[in-house]
Amino acid sequence: MTAAYAFTDYRAQGQTIPFVIVDIATPPSGGLSLFNLYVALSRSKGRSSIRLLRDFDNKVFQAGHSPELLAENDRLDKLNHETLHQLQSTIIFHSEIHRPNDRADPYQKVNCEGETRSVGNNVPL
């Protein structure tokens, strides 16, 4: 007899497990998503260290993602795009504010509030 323990695919995320026995049969709660399958089958170090507990329905690998998951992915993509745009606008805005002109003192530093202060050692920024 070999000691073992079990946990859900949620608990297994991010872990690499030396030897894995996976049950991808349809659970009593309904079904498996492609995400569940990916997590369950990708926890081992390789094909030689994973075993399937029992037969399963091949259709589980042909299922599409749920509409809710696709909608959430679209929402996150839009948020990512908006965040990158805002970050790039902020960087451009701040670089224009802090760009020294020809008559600027090269020994001054401009903080985020637009205030200037002298920098020691007379080393240009």
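One can find the structure itself at the top, above this paragraph.
Now for a quick tour of the structure. Note that the structure is predicted; figures quoted are calculated from it, not measured. (Residues numbered from 1 in each chain as written. Predicted model: local features only at pLDDT ≥ 70, side-chain atom pairs only at ≥ 80, totals over all residues. Heavy atoms only, no water.)

### A word on the environment of aspartate 9
Heads up, the rule is: Strands here mean DSSP runs of E at least two residues long; helices mean DSSP runs of H or I at least four residues long; both are numbered from the N terminus. The contact rule is simple, with two residues in contact once any of their heavy atoms fall within 4.5 Å.
Relative to the helices and strands, aspartate 9 is located in helix α1 (residues 9-12). Taking the C-alpha atoms as reference points, aspartate 9 and asparagine 36, 27 residues apart in sequence, are found 6.3 Å from one another. Leave out the neighbours within four places in its chain, and aspartate 9 touches Asn36 and Val39.

### Section: the pattern of salt bridges
Spelled out, the test is: Criterion for a salt bridge: a side-chain nitrogen of Lys or Arg within 4 Å of a carboxyl oxygen of Asp or Glu. Exposure is judged per residue with a 1.4 Å probe applied to protein chains only, and the accessible area is read against the type maximum: over 50% gives exposed, under 20% gives buried, and values in between give partly exposed.
Evaluated as defined, the whole model comprises two salt bridges. Of the charged contacts, one joins aspartate 23 and arginine 54 as a salt bridge, the two residues approaching to 2.6 Å between their closest N and O atoms. Here aspartate 23 is found in the loop between β1 (20-22) and α2 (34-41), whereas its partner arginine 54 is found in the loop between β2 (50-52) and α3 (67-97), with 31 residues between them in sequence. For aspartate 23, a relative accessible area of 33% puts it in the partly exposed group. Judged by relative accessible area, which is 48%, arginine 54 ranks as partly exposed. We note a salt bridge from arginine 75 to glutamate 72, for which the minimum N-O separation is 2.8 Å. Residue arginine 75 and its partner glutamate 72 are both found in helix α3; the two are separated by three residues, about one turn of the helix.

### Observations concerning α2
Put simply, the rule reads: As used here, the arc is the angular range of directions from the helix axis to the C-beta atoms.
Residues of α2 that are buried: Leu37, Val39 and Ala40. An end-on view of α2 places all buried positions within 165 degrees of arc, on one side of the element. Structurally, α2 contributes buried residues whose contacts are with α1, β1 and β2.

### So, the side chain of serine 49
By the secondary structure assignment, serine 49 is in the loop between α2 and β2. Contact partners of serine 49, with chain neighbours within four places excluded, come to Pro18, Phe19, Val20 and Ser44.

### As for the side chain of serine 44
We count it as follows: Here a polar contact means two N or O atoms within 3.5 Å. Within protein one must be a hydrogen donor candidate and the other an acceptor candidate, and residues neighboring in sequence count only if both atoms are side-chain atoms.
Counting through the fold element by element, serine 44 comes out in the loop between α2 and β2. A distance of 3.0 Å separates the side chain of serine 44 from the backbone oxygen of glycine 46, its partner in a polar contact. Setting aside residues up to four positions removed in sequence, serine 44 forms contacts with Ile17, Val20, Ser49 and Ile50.

### Considerations on a nonpolar patch on the surface
What counts here: Residues with no salt bridge and a relative accessible area higher than 30% make up the patches, which join like charges within 9 Å and nonpolar side chains (Val, Leu, Ile, Met, Phe, Trp, Tyr) within 5 Å. For the area figures, the Shrake-Rupley method with a 1.4 Å probe applies, and any residue is considered shielded solely by the protein chains shown.
On the surface, Leu41, Leu52 and Phe61 cluster together into a nonpolar patch covering about 240 Å² of accessible area. Mapped onto the fold, leucine 52 is located in strand β2.

By themselves these figures say nothing about function.
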